[in-house]
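As a plain string of letters, each chain reads:
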Amino acid sequence: MKKLPIPWFDDSRGLKKILLLMRLTSCLLLITFLHVSAHVRSQDKLTVNVRQIGWQPFFDLLQKKSDYTFLYKDNVLPSHDKFDVEVSELTVPQILDNVLQNSPLSYQLMANHLIVITSRASPGIDAPEDIRITGRILSASGDPLAGATVHIKGSGAGTSTDSTGHYTLMAPDDATLVISYVGYETQEIAVGSRTRVDATLTSLPGSINEVVVIGYGTARKKDLTGAVSAINSRDINDLPVAGSDQIMQGKAAGVAITQVTGAPGDGVSVIIRGQASFLNSVPLYVIDGIPTADGINEISPNDIESISVLKDASSASIYGARAANGVVLITTKKGSNGKPRLALNAYTGMQTPEHFIPMANSTQYLNAYNAAAANDYVAGGASNRAPLPLGMLDTLPNVNWQKQVLKNAPMSDAQLSISGGGEGTKYIVSANYLDQKGMILNSSFSRFNLRTSVISTLNKIFEVGTNINLAYDKTRQVGSSGDGYTAPGGNNPGASIVRYALFRTPTTPVIYPNGPYQGQYVDLPETVNGNNVFGDGLNPVALAANTNRNFYNYTLLGDVYLQVSPIAHLKLKSDFGTNLIITDYKQFFPTWGIQRIQNSPNTLNQSNQNNFNYNWTNTATYDLLMGKQSLNILAGTEIIYNDTKIITGANTGFASQTSAFQYLSNGTSITPGVGGNESTWALSSLFGRLTYQYDGKYLASFNFRRDGSSKLDPSAQWGNFFSGSAGWRIDKEAFMQNVKPISLLKLRVDYGQLGDQNALSNYGYASLIGNNGYYAYGTTPAIAYTITAKGNPGLKWQTTTMGDVGLDVGLFSDAITFTADYYRKITTNLLQAPLDPTSAGSVAGAAFENNGKILNEGFEFELSYRHTINNDWSYNVTGNLTTLHNDVEALLENQPIPAGRVNTNVNATSTAVGHPVGAFYMLKQEGIFQTPEDVFTHASQGSPVRPGDVKYLDVNGDGVIDQNDRVFAGSPIPTMTYALTGQVHFRQFDLSLFFQGVTGDKIYNQVAMDIVGFYRPFNITEKTATESWHGEGTSNTRPLLSWNDATNNTQTSTRFLETGDYLKLKNLQLGYNLSNAFLSKLKMHSMRFYVSIQNVFTVTKYTGQDPEMTTSADAASSNDGPKALNIDWGTYPAARTTTVGVNVNF
Amino acid sequence: MKIKNILLFLLLSVLFTGAACKKILNQPVLGNYTPGNFFTSDANAQLAVNDAYKYLAFNSGATNAIWVLGDLASDDVVKGGSSIGDQPDYQAVNQFDILPTNAAVEAVWQNYYNGVFACNVVTDGLTGNSAVSATMQQQGIAQARFLRAYYYFILTLCYGNIPLHLTVQTATEAQTPALAQDTIFTQIENDCIAAAAVLPQTVPATQLGVATQGAALALLAKTYLFHSDLANHYTLAAQTAQQVAALGYSLTNIYWDNFNANTKANTEEIFTVNHIAGTLGLGNELNVWFAPRSPAPTDGYGFFLPTQSLVNNYETATDGTPDPRLDYTIARSGHPYFDLAYDSTWSSTNYNCKKMCQPLSEVPAATKNVGTVNYEALRLSDILLVEAEALNESGQSAAALAPLNQVRERARNTAKYDSSLTGSSTVPAGLLPDITITDQTQLRAIIQRERRSELALEFHRFFDIIRYGSAYATAALTPGAPNFNYATNKWFPIPQSERDANPNLFK
């Protein structure tokens, strides 16, 4: 430590400056200093012996023991430092010399025994000779960065670069320069003895300079001519969600991600640029080059380095017959050169219900019951209901069933990774454990991941690498959507628990408080005079408690590759990947209930599915540079193979129901069920891509893929897919050189074709003959086989033709980036199982046919703004907005396809030409009949009506309300989706907010059919109980409470169709980064604590639990696909998750 | 040089993987047969033939709802059930308020066309197939053609002009117009004639239920009877019926033996729909549909209640003793319902159906939906009455008396063999005397009445009524169903599912 000169001290202005600059610890300290200054014992020697003392106590101690007075700024002292001091017989300056050595602090001895403690870097006090430093700041691509900030670490002094990237700055010779620029990594450079300091900044991911992963390669985002949305790990860090697909929500324009339900382990729907199929429009997922068989949830979100979403034809068509629904490319984290680095990320938190539907309490229920009884009273009628005496309330409970089923549930995640490299080998090893309990009993999700990646460069020519992901997860499920129309088992979880919770009246206790069944769940509510006045549904708590439904997944995802670079610019790569997924399903249906009537006899269902895939991909890339032109050539071949085997077993009559005996061998059925099957498909492909650039100004790309698929008839297995795109960097043109603010202006167009072989079943081209039951001759059963599925040898993949025009803009050195796209996507040859004439036999479902046409078109906007205000403050805002117009343009015979069963023989949607896929189609509620005249003059509604009943619109004016009066009443597909993320950094703090929302869609609130009217003895909403029609003018939306008028009032109509618009504050997160000084003591690289809240609030007019929804178990079990979205049967809602977490890097 | 090598390497690797590509695309269908590899053995072919029979069975009363269209539409029964709203679509059939979406109308169409489909799978698979034995090929096709004829017979009786599918077709191919009933009958006749030439005269008891030559001829006779567009159809019907009778069938001594699970494989039976007990669901579900409902201890659903009009159809002896067939067919007050005393309050008409039902001692309440009694789709007395009707209509009224009296004789003599019914083994005086009237019109009415009594509640009545013509039908049906209009109701509407999917239906 060098002795500090005090050149400025005699200058009274200097002291003033100090006093101004410094925030005095306290006025008291100053007073003390004035007071003690009279006593001078400067030569006194002290002996100090303390352990683990902090700076402030240390200075306090010295001040007390000596006549020196200490003066310092609060924030100068590293607050967490602790150290030992062992000195004997030294003066205070000697002690300070000793102790402050190797600390970030220095001291100055002033007149009057005043000692000023300063930070070493502070120039105000420690002002050595300033030297003049010059330099130039460039980007990685060699472009000068104009307006980059260069300042001296620890001081406010600084400057910015000129238009050529140059700067000049006066700085002390031991200064450290901090060079920052929006969108680039901030660099710190120690000046040393230099007078010229140049720097090249590397761009931050997320800005337009980043390199993005594209099909079979990478590209600079600047050079892209297609529409690719890139999501970086820093955009998705620390969201307390379980699934890798969930973290993409709201991060990319044109990518609509919606939770199916809030149940742990339940899927999400990922739709890129609209519903383009009558089957499910699932994108192709490729993880590190391996096409996955089952989405991306087999890897932990923590392992993801980046996600690229290939949205347009030109970027996706390199995946040919699998790309029609877009492609999602995941790149996992890799090691990097350097010492081993250890990273720990962990969070733990609590999930709580975000919203309860206000339901009637016991008093309201009884009053509503009596009102309905009065409304339905007919003099002398046989079926009149006696009113319930209100005195009953004294003995009745008042249960909030939603609170009984939705309880707080914990969720935790921990990830540990070690990475490093050297000598040509880079590696990463990580482990992750996630444990999420569900708010509803017996629902949960847990996952364990192990991952390694090793890349080894053997020499200049050879590189080998491998990625291995192992995962085990377990999902426990309860019914989360749907009404249990089909019996649970297999893929069908059964009726939603929430649905039953909404149905259950508050007057029924959860368990018998006393009596012979004390402590057991109440089955059926008590009857009054033999009547079910308090409902007849199942006890939702008991139903959840008796659900024992488990899925165990064992996953291996990995590859090994060899890359050869025999000459410059040529790379040959052979990559062999595999994805193995073993799914064990086990569900036990116990016999339960007071009457022991549920699941009698008890049953165990099990299945084991083995899904094995491999892909072998060979690519050659060659970069040809010819002056201002460059050409990149990619050629490749690929083979993909998939084999799925399944074994199923079932047995019944288990004598003991405990888990120790829930094994197939313990059942007592004479004919236990067994089953098994296998199915394979393969894809074989050739592909190529030419990318051309002229002077960085004119960009073009041409893609080709030829795919052969075993899913098509052997005579017609091959198809070709072409696409092309072009880009123009307008900003590079001479005439733009004077337009300073524009750092990027690029126009893109592309056009091409894509296929959708995923929608094809493996053997759709062939008719299948299989077991179809029995017939008996004499006394002997004989097995019967027939065609159980009809094939169509002419089947081909549905084809999507897409065009895209895009504009990329960067302003103020890319501080603002803006991307806009218009796309138009037409899917033809739609796979559709036509309505088979029933005379052709309905045992075998109709063969699929290629028919129909869907249009999806829309605009996508992405905007990003980053601003560093000063050393302390910076913020950024990114947002995206997507519009979508979905329209069916043609169908087989142009016949509408009904779907979305909401009641026996009643469908809520119709997919018809001129309307969106799955458009709601139903009667239109005109209002409520107010007077007898109103009833008399209105069209006949079939069943008898009276004032207070729902009035439907006579659309065709024929004086009769019937199914011909149905109208297209809205779409389940949002017309606009948007998201906004804001981040603010203040010193060591960071705050981020993530909003996400949709508008323009409708939700059919099926569960409302029961809970907004007194149609069955179920509970009703509070508003229904208190605000229903009860006389002329009292309501024009809510009919009178009545059982008798249910036939009219519960007709499927716009009465139950609600807006699906919502805006959610999806995530709010506050983080704190520990200071470098402290971290260096702990030998840590970084450490961050944070508090995060997921699903903070929802702004919506929707009256159900959660407006974020897609498909229900009912729609899924009837294979309605996108033809029956947004039908709410009482859905397991998303939780509000509050977590605290830590990220540590060693 | 170097670049050349590299290009060569690239080319070779592309060619190599290209070759592997082609091979990997050969992924045969696993776990399922396809039509191309299924009909390769007699055993496999038999599996497909088994499926062609499957749709005959009454394993589900709602799926095989021919009882609704055949009898509930007639003057013989009303719906029953828990209330008027129990199965409202069946009530609509009874009232002739029938929409194309009617559940019974849909169910019969789908079930019997599924049968046609299963038959076509067999004929498609076996025609010209040398991989199976000649016997299998001939017998399989013959059975399938007979069964297809049977299914089409039911379909055209119910729906009149209907699409005709003789091969397995795609959805588009199957969008064919409804053909005239004349064409359908002709096809049925062709199938029956072809089948009769090949099918065996008899099958062993272990093969009970398998189609025989007699079955094909019996169906042919019935088809001719209905086939009024065919010039000499009565003559053909009579001749064919006589051919059946000549095959050695004889009426059982006891009428009930045709409806008794313990007397299957009797001499009268020509084609039987076989039902057995067990957990595979191969029983007769009508046992539970038709059994009286609570408070009766029979645990039934209480559908299918006989009318007074049907009861009145039965003749009585001089002393008032009714035709013995009444008490075999209908449960009424004062007479046992199998092993129980019948209580007329079990039924809103005071009667319950006994055919297709079994006592609890045979089929306990727990397996009530798995009855074991067969449905006699074709039995000799039916064919004898076809013969009688055909002879009478073709002007041979005197000749018609023999088959008619054969049926009456067995009925009256039943008491001789089953004293449990009447408590006496003598035939009461004046009971079902032989008919001697040869006036065609009078005899026609007698044969019609005889047919109603003999074949009551066997799902034939509505089609007989329609065959008898507008005047008879209107007289028979309008008292119970004022909506009935012969012109529009002689056939049930083609169901909505077909209308929705077949735009060429009425072209």
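Residues numbered from 1 in each chain as written. Chains lettered and ligands numbered in written order. Predicted model: local features only at pLDDT ≥ 70, side-chain atom pairs only at ≥ 80, totals over all residues. Heavy atoms only, no water.

## Comments concerning the overall build of chain A
We apply this condition: Helix and strand definitions follow DSSP, with helices as H or I runs of at least four residues and strands as E runs of at least two, each counted in order from the N terminus. In this treatment the radius of gyration is a C-alpha quantity, and the globule benchmark scales as 2.2 Å times the residue count to the 0.38 power. Relative accessibility decides the category of a residue: with a 1.4 Å probe and only protein chains considered, values under 20% of the type maximum give buried, values over 50% give exposed, and everything between is partly exposed.
When its secondary structure is counted, chain A shows 16 helices and 56 strands. The C-alpha radius of gyration of chain A comes to 35 Å, within 12% of the 32 Å expected for a compact globule of 1146 residues. For chain A, the C-alpha atoms occupy an extent of roughly 115 × 80 × 65 Å along the three principal directions. A burial count over chain A gives 55% of its 1146 residues as buried.

## Quick word on the sheet that holds strand β49 (residues 967-970) of chain A
All names here are of chain A. What counts here: At least two bridges found by DSSP between two strands are what make those strands a pair. Every angle, taken between N-to-C directions, lies between 0 and 180 degrees, and every axis is a line fitted to C-alpha atoms, over only the stretch in contact when it is a helix.
Here four strands make up an open sheet; going across it, the order is β44-β45-β46-β49 and the pairing antiparallel. Looking at the sheet topology across the chains shown, the edges are occupied by β44 (897-903) and β49. Each strand axis lies, on average, 40° off the axis of its neighbour in the sheet, ignoring direction. Where strand β46 (residues 919-922) lies against β49, three bridges are found, and the strand directions are antiparallel.

## Quick word on the packing of aromatic side chains
Note the following rule: Any pair of Phe, Tyr and Trp rings, taking the six-membered ring for Trp, is counted once the centres come within 6.5 Å. Such a pair is stacked with planes under 30 degrees apart, edge-to-face with planes over 60 apart, and tilted for the rest.
Under the criterion given, the structure shown has 73 aromatic pairs over all chains. Here F58(A) and F83(A) contribute two aromatic rings whose centre-to-centre distance is 5.6 Å and whose plane-to-plane angle is 85°, an arrangement assigned as edge-to-face. Taken together, the residues span a long stretch of sequence, with F58(A) in helix α3 (residues 55-65) and F83(A) in strand β3 (residues 83-90) at a distance of 25 residues. Like F83(A), F58(A) is buried. Taking the centre distance of 6.2 Å and the plane angle of 70° together, the rings of Y150(B) and Y151(B) count as edge-to-face. In this structure, Y150(B) and Y151(B) share a single accessibility class: buried.

## So, the interface of chain A and chain B
Here is the rule we go by: Should any heavy atoms of two residues lie within 4.5 Å, those residues are considered in contact. Buried area, as used here, totals the accessible surface that two parts lose on assembly, with accessibility defined by a 1.4 Å probe and the loss added over both. Each residue gets one label: Ala, Val, Leu, Ile, Met, Phe, Trp, Tyr, Cys and Pro are nonpolar, Asp, Glu, Lys and Arg are charged, and the others, such as Gly, are polar.
Each partner contributes residues to the interface: chain A has 66 residues there, and chain B has 69 residues. Roughly 5,400 Å² is buried in total at the junction of chain A and chain B, and carbon and sulfur atoms are behind 65% of that figure. The largest contributions to the chain A side of the interface with chain B come from I769(A), Y775(A) and Y777(A), which together make up 15% of the buried area. When residues of the side of chain A that touches chain B are traced back to their parent elements, those giving at least two are β28 (570-589), β29 (603-626), β30 (629-652), β31 (673-694), β32 (698-709), β35 (768-777) and β36 (780-789) of chain A. Among the elements that line the side of chain A that touches chain B, the one with the most residues is β31(A), at ten residues. Split into classes, the residues belonging to the side of chain A that touches chain B amount to 36 nonpolar, 25 polar and five charged.

## Overview of unusual backbone geometry
All names here are of chain A. You will see that H569, though not glycine, has its phi angle at about 75°, which is positive. With respect to the helices and strands, the residue H569 is situated in the loop between β27 (548-564) and β28. Despite not being glycine, D695 has its phi angle at roughly 60°, a positive value. Along the chain, D695 turns up in the loop between β31 and β32. Owing to a relative accessible area of 28%, D695 belongs among the partly exposed residues under this scheme.

## What about the nonpolar core?
Residues and elements named next belong to chain B. To be explicit about the condition: Side-chain atoms within 4.5 Å are what join buried Ala, Val, Leu, Ile, Met, Phe, Trp, Tyr and Cys residues into a set we call a nonpolar core. An automatic or database domain assignment provides the domain bounds reported here.
Of all hydrophobic cores here, the largest spans 149 residues; its most connected members are W67, F146 and Y159. With 16 residues, the top contributor of residues to this core is helix α7 (residues 134-159). Of the residues that make up this core, three or more belong to each of domain 1 (1-66 + 105-196) and domain 2 (286-373). The residues contacting Y159, other than those within four sequence positions of it, are L69, A104, V105, V108, W109, W491, F492, P493, I494 and P495.

## So, the environment of T801(A)
All names here are of chain A. Short version of the rule: In the analysis that follows, any N or O atom pair within 3.5 Å is treated as a polar contact, provided that within protein one partner can donate a hydrogen and the other can accept it, and provided that, for residues neighboring in sequence, both atoms belong to side chains.
Turning to its location among the elements, T801 is positioned in strand β37 (residues 798-811). Beyond its immediate chain neighbours, meaning those up to four positions away, T801 contacts Y751, G752, Q753, R824, K825 and I826. Here Q753 takes part through its side chain, which lies 3.2 Å from a polar atom of the side chain of T801.

## Some words on a nonpolar patch on the surface
Residue and element names in this part refer to chain A. Note the following rule: Here the term patch refers to residues with relative accessible area over 30% and no salt bridge, with like charges joined within 9 Å and nonpolar side chains (Val, Leu, Ile, Met, Phe, Trp, Tyr) within 5 Å. Here the open area of atoms and residues is found with the Shrake-Rupley method and a 1.4 Å probe, where only the protein chains shown may cover a residue. Should a side-chain nitrogen of Lys or Arg be within 4 Å of a carboxyl oxygen of Asp or Glu, the pair is scored as a salt bridge.
Among the surface-exposed residues, Y433, F448, L450, I468, L470, Y472 and Y554 lie close enough to one another that they form a single nonpolar patch of about 580 Å² accessible area. Contributing elements (two or more residues each) for the nonpolar patch: β25 (444-457) and β26 (462-476). For the nonpolar patch, the leading source of residues is β26, giving three residues. The topology assignment puts L470 in strand β26. On the basis of relative accessible area, L470 is assigned to the partly exposed category, the value being 39%.

## What to know about the packing of helix α17 (residues 440-454) of chain B against helix α18 (residues 461-468) of chain B
All names here are of chain B. Heads up, the rule is: Here the word oblique covers every angle except those under 35 degrees (roughly parallel), over 145 (roughly antiparallel) and from 65 to 115 (roughly perpendicular).
Between α17 and α18, the shortest axis-to-axis distance is 11 Å and the interhelical angle comes to 170°. Accordingly, the angle class assigned to the pair α17 and α18 is roughly antiparallel. Listed contacts from α18 to Q448, R451 and R452 of α17 are R461, D464, R467 and Y468. Looking at side-chain class alone, the contact of α17 with α18 contains one nonpolar, one polar and five charged residues.

## Re the pairing of β28(A)
All names here are of chain A. Both β27 and β28 contribute to a ladder of 17 bridges, which runs antiparallel. Counterpart to D559 in the pairing with β28 is G577. Where β27 folds back on β28, the antiparallel hairpin that results is connected by five residues, among which H569 adopts a positive phi of roughly 75°.

## Focus on the confidence of the model for chain B
Which entries qualify depends on this criterion: Per residue, pLDDT captures the predictor's confidence, and it can take any value from 0 to 100.
On average, chain B scores 91 in pLDDT, and the residues at 70 or more come to 95%. ipTM for the predicted complex: 0.93, alongside a pTM of 0.79.

## Considering the pattern of salt bridges
In the structure shown here, the tally under the stated rule is 60 salt bridges over all chains. One salt bridge in this structure joins K311(A) and E860(A), with 2.9 Å as the shortest N-O distance. Residue K311(A) is located in the loop between β20 (304-310) and α6 (313-316), and its partner E860(A) is located in strand β41 (residues 853-868); the two are separated by 549 residues in the primary sequence. For the pair K311(A) and E860(A), one class covers both residues: buried. In this structure, R148(B) engages D191(B) in a salt bridge whose closest nitrogen and oxygen atoms are separated by 3.0 Å. Remark: D191(B) occurs in helix α8 (residues 181-198) and R148(B) occurs in helix α7; sequence separation between them is 43 residues.

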